[in-house]
Amino acid sequence: MVYYVSVLVSSGYLILAIVAIIQLSRILLYGHKLLSFATCFLLLLLSWSIFRCLYFGFGHDYGLQFDDRDRDLLFYGPSYLQCATFSLILVYYEKHLKRTEKWRESKLCVLAIFVLSIAILAAVNI
């Protein structure tokens, strides 16, 4: 029973990764800006879903024999990516709520807080 649940969860994350790859390829194909919120969000989503797919597909109770460090990386690594994704969503809403004139004034401060918060979270947990 646990095997089937793991396969189902791993397949769900694999489908999510495939959707992210398709969306990223559409961004490249149609010539959208590469440095945008959508591209960053999709890259974070892709890496997060690949980590989770590997953890549930190979490293969770069966499959390949990972040592503890690798299993911890596969389990806790997506937590940092998930925090970065949610923080990026907050930066996106901050940009669109402040509009253009106020966003230009606070852009550096908001992005510095974003990077600093992710770095502090990673440093504390590693």
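Residues numbered from 1 in each chain as written. Predicted model: local features only at pLDDT ≥ 70, side-chain atom pairs only at ≥ 80, totals over all residues. Heavy atoms only, no water.

## Re the overall build of the protein chain
The condition is simple: Secondary structure is summarised from DSSP: a helix means a run of H or I of at least four residues, a strand means a run of E of at least two, and numbering begins at the N terminus for each. Computation of the radius of gyration draws on C-alpha atoms alone. For the globule rule, the value is 2.2 Å times the number of residues to the power 0.38. Here the term buried applies to any residue with accessible area under 20% of the maximum for its type, exposed to any over 50%, and partly exposed to those in between, with areas from a 1.4 Å probe on protein chains only. A contact between two residues is defined here by any heavy atoms of the two lying within 4.5 Å. The protein chains shown are the only cover counted for residues, whose accessible areas, like all others here, come from Shrake-Rupley with a 1.4 Å probe. None of His or the chain ends enter the tally, which takes Lys and Arg as positive and Asp and Glu as negative. Every charge is mapped to an atom, namely NZ of Lys, CZ of Arg, CG of Asp or CD of Glu.
Across its full length, the protein chain holds three helices and zero strands. Secondary structure elements of the protein chain occur, N-terminal to C-terminal, as α-α-α. A globule of 126 residues ought to have a C-alpha radius of gyration of about 14 Å, yet the protein chain, at 17 Å, is considerably larger. Dimensions of the protein chain along its principal axes, counting C-alpha atoms only, are 55 × 40 × 20 Å. For the protein chain, the proportion of its 126 residues judged to be buried stands at 27%. Taking contacts inside the protein chain between residues at least 6 apart in sequence as the whole, the part at least 24 apart equals 60%. Here the protein chain has roughly 9,000 Å² of accessible surface; of this, 71% comes from carbon and sulfur atoms. Averaging the locations of the 11 positively and 8 negatively charged side chains of the protein chain gives two centres separated by 15 Å.

## Comments concerning a nonpolar patch on the surface
Basically, it comes down to this: Only residues whose relative accessible area exceeds 30% and that take part in no salt bridge are eligible for patches, with like-charged residues grouped when within 9 Å of each other and nonpolar side chains (Val, Leu, Ile, Met, Phe, Trp, Tyr) grouped when within 5 Å. The term salt bridge refers to a pairing of a side-chain nitrogen on Lys or Arg with a carboxyl oxygen on Asp or Glu at a separation within 4 Å.
A contiguous nonpolar surface patch, about 340 Å² in accessible area, is contributed by Y3, Y4 and V7. Among the structural elements, Y4 can be located in helix α1 (residues 2–29). Looking at Y4, the relative accessible area reads 59%, which means it is exposed.

## Structural notes on the environment of A122
Here A122 lies in helix α3 (residues 68–125). For A122, a relative accessible area of 22% gives the class partly exposed. In sequence terms A122 and S79 are 43 residues apart; their C-alpha atoms lie 9.6 Å from each other.

## Quick notes on the layout of surface pockets
Using a probe with the size of a water molecule, rolled over the atoms, empty space left in the structure can be pinpointed. Under the convention used in this document: Only protein atoms enter the 1 Å grid used here. Points where a 1.4 Å probe fits but cannot escape make up a cavity, open sets with protein on both sides within 12 Å along at least five of seven lines make up a pocket, and a residue lines them when an atom lies within 4 Å of a point. Grid points are joined across faces, edges and corners, and a volume is the space filled by probe spheres set on the points. Three categories are distinguished: nonpolar for Ala, Val, Leu, Ile, Met, Phe, Trp, Tyr, Cys and Pro, charged for Asp, Glu, Lys and Arg, and polar for the others, with Gly belonging to the last.
Of the pockets and cavities examined, the largest pocket occupies roughly 320 Å³. Lining the largest pocket are K33, L35, S36, F37, C40, L88, K95, W103, K107, L111 and F114. Elements with a contribution of two residues or more to the lining of the largest pocket: α2 (37–59) and α3. Of the residues forming the lining of the largest pocket, the biggest block, six residues, is contributed by α3. Of the residues in the lining of the largest pocket, the class split is seven nonpolar, one polar and three charged.

## Description of the packing of aromatic side chains
Selection criterion: Note on aromatic contacts: the rings of Phe and Tyr and the six-membered ring of Trp form a pair at centre separations within 6.5 Å, being stacked when their planes are under 30 degrees apart, edge-to-face when over 60 apart, and tilted otherwise.
On inspection of all chains with the given rule, the structure shows seven aromatic pairs. For the ring pair Y13 and W48, a centre distance of 5.5 Å and an interplane angle of 90° mean the geometry is edge-to-face. Remark: W48 occurs in helix α2 and Y13 occurs in helix α1; sequence separation between them is 35 residues. As far as the burial class goes, Y13 and W48 line up, both buried. Look at Y13 and F56: their rings are 6.0 Å apart centre to centre, the planes differ by 10°, and that puts the pair in the stacked class. Of this pair, Y13 sits in helix α1 while F56 sits in helix α2, and the two are 43 residues apart along the sequence. Each member of the pair, Y13 together with F56, is buried.

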